[in-house]
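# A look at the structure
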Amino acid sequence: MLDAVPPWRRWPGALLRWLLPSCCALCGMRGEDGVCHGCEHAYVAARPRCPVCANPAGALDAALPCGACLAAPPAFDATLAACDYAAPLDGLVLQLKFGAQLALAPWMSRALHREAGRAGLPPPDLLCPVPLGAHRLAGRGYNQALEVARPLARLLGAELAPRLAQRVLETAAQSGVAPGERRRNVRGAFAVADDTLVRGQHVGVVDDVMTSGHTLDELARVLKQAGAVRVTNFVFARTPPHR
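In what follows, the accompanying structure is described. Predicted model, so just to flag it, every value in this text is computed and none were measured. (Residues numbered from 1 in each chain as written. Predicted model: local features only at pLDDT ≥ 70, side-chain atom pairs only at ≥ 80, totals over all residues. Heavy atoms only, no water.)

### Focus on the overall build of the protein chain
To keep it simple, the criterion reads: Working definition: helices are DSSP H or I runs of at least four residues, strands are E runs of at least two. Numbering for both runs from the N terminus. Contacts are assigned to residue pairs that have any heavy atoms within 4.5 Å of one another. Using the Shrake-Rupley algorithm and a 1.4 Å probe, accessible areas are obtained, with residue cover drawn only from the displayed protein chains.
Counting its regular elements, the protein chain contains 10 helices and 7 strands. Put simply, of all contacts in the protein chain between residues at least 6 apart along the chain, 72% involve residues at least 24 apart. Working note: accessible area of the protein chain is about 12300 Å², and carbon and sulfur atoms make up 58% of it.

Rendered as structure tokens:
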């Protein structure tokens, strides 16, 4: 069971929303924080998923790993996804990643927290955002995965470890790499800064979107080599297989 956020921790945010009312990023309704309840109900619906890779599954199959995960088990143990990477929510991911719409990150973290509570999985000890390379971080100015991980860590009661993993190779963006080359593209891209921080821990890895899963698989492999006993992915959006 995940602990509720104490009321006193919600007061500063409530005051700020009263002083500076925001609008729903989808329908424009004023006074909403990120996405309004109506749009959230319409587009962020829970659906049966493979518990390992979070690909859509039949209702009767959701308790078991999918055929792909059984045939070639990934290094990570579980994946939580709040929604599919599809219109109109894919636009919000792009706004966060490339448009510096950082106000969307807390809403995404809340959606992930609700999914974590629904799934009933044990919360992680550490929360680690997927790191960006130095060149990409300098160009963007922020890491969107960290922006989601920061409020999510507070909601889950997990320790945020923003520098736990490092990207030691500047790789091409996975979106621009042919599907058959994506695993090779990220091979050796990550390193753990201090194995003693990972050993014996359940590590949660946070990212905005999961497509092929190769990046998360490589990072989980490195975390397991460093001694992590479990790795759970927390991704806001999961790209359906046909994408």
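### Comments concerning the pairing of strand β7 (residues 230–238)
Operational definition: For every residue, the accessible area obtained with a 1.4 Å probe (protein chains only) is divided by the maximum for its type, and the residue is called buried under 20%, exposed over 50%, and partly exposed between those limits. By the convention used here, strands pair only if DSSP detects at least 2 bridges between them. Crossover handedness is defined here as right-handed if the route from the first strand over the helix to the second strand goes clockwise, with the strands pointing away from the viewer.
Here β7 lies mainly inside the structure; 8 of its 9 residues are buried. Bridge count for strand β1 (residues 78–84) against β7 is 6 bridges, and the pairing is parallel. Following the sheet pairing, T79 is matched in β7 by N233. As judged from the 8 bridges shared by strand β6 (residues 202–210) and β7, these two strands associate in the parallel manner. Bridge pairing links V203 to V231 in β7. Regarding the hand of the β-α-β motif, the stretch spanning β6, helix α10 (residues 214–225) and β7 is right-handed.

### Topic: the sheet that holds β6
Applied cut-off: For helices, the fitted line uses only the C-alpha atoms of the stretch in contact; every axis is such a line through C-alpha atoms, and the angle between N-to-C directions lies from 0 to 180 degrees.
One open sheet accounts for 5 strands, arranged β1-β7-β6-β2-β3; its pairing is parallel. A strand with exactly one partner marks an edge of an open sheet, and here the two such strands are β1 and β3 (159–160). Where strand β2 (residues 126–129) lies against β6, 4 bridges are found, and the strand directions are parallel. Of the residues in β6, the one forming a bridge with C128 is V205. Along the sheet, helix α4 (residues 89–99) contacts β1, β6 and β7; its crossing angle with β6, the most-contacted strand, is approximately 105 degrees.

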